[in-house]
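Close look at the chain arrangement
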Amino acid sequence: QEQLVESGGGLVQPGGSLRLSCASSLFNLDDYSVGWFRQVPGKEREGLSCIWPSAEKTYYGDSIEGRLTISRDNYKNTVSLQMDGLTPEDTAVYYCAARMYGCHWSPDRFDIWGQGTQVTVSL
């Protein structure tokens, strides 16, 4: 049913790290840019990062600047988001999304989404 599936979320202590993964089993991602977004209840969805189909370009949002690394493995049909130095303010549901062809900042321009994975940063 789901076009994309996120994994790797969970509970982590402040200052810790998580590696999120986004996988496609229904189609190949090599013609798609993939973005990561997060959303807190009551707030708008926030763009975090995006990677172009062949990783020729990457983008990082200002709100989490310097603490993210996005990468992809087109052979495995996966995109990963490494998050370091996590704080309680990073608690949110994290989503991946895909679009053809290039990255776009607006979540409205992404039509293919995963179900989201919860990240909770707390002692």
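Residues numbered from 1 in each chain as written. Predicted model: local features only at pLDDT ≥ 70, side-chain atom pairs only at ≥ 80, totals over all residues. Heavy atoms only, no water.

Within the structure shown, the criterion is met by 2 disulfides. In this model, C22 is linked to C96 through a disulfide, with the two sulfur atoms separated by 2.1 Å. Its torsion about the S-S bond being 70°, the disulfide of C22 and C96 is classed as right-handed. Here C22 is found in strand β3 (residues 18-24), whereas its partner C96 is found in strand β9 (residues 92-99), with 74 residues between them in sequence. Pair check on accessibility: C22 and C96 agree, each one buried. Shown here is the disulfide that connects C50 with C103, its sulfur atoms set 2.1 Å apart. Taking the torsion about the sulfur-sulfur bond, which here is approximately -95°, the covalent link between C50 and C103 counts as left-handed. (Disulfide = S-S within 2.5 Å. Helix = DSSP H or I, 4+ residues; strand = E, 2+ residues; numbered from the N terminus. Buried < 20%, exposed > 50% of the residue type's maximum accessible area, 1.4 Å probe, protein only.)

Positionally, S24 belongs in strand β3. Given the relative accessible area of 8%, S24 is considered buried. Sequence-wise, S24 and Q3 are 21 residues apart; in three dimensions their C-alpha atoms are separated by 6.2 Å. For S24, the residues in contact, after removing those within four places along its chain, are Q3, L4, L29 and N77. Here F27 takes part through its backbone oxygen, which lies 2.6 Å from a polar atom of the side chain of S24. (Contact = heavy atoms within 4.5 Å. Polar contact = N/O pair within 3.5 Å; in protein donor to acceptor, adjacent residues only side chain to side chain.)

Where β3 and strand β8 (residues 78-83) come together, 6 bridges link them in antiparallel fashion. In the sheet register, S21 faces β8, and the bridge partner there is S80. In this structure, strand β7 (residues 68-73) lies alongside β8, joined through 6 bridges in antiparallel fashion. Within β8, the residue paired with I70 across the bridge is L81. (Pairing = 2+ DSSP bridges.)

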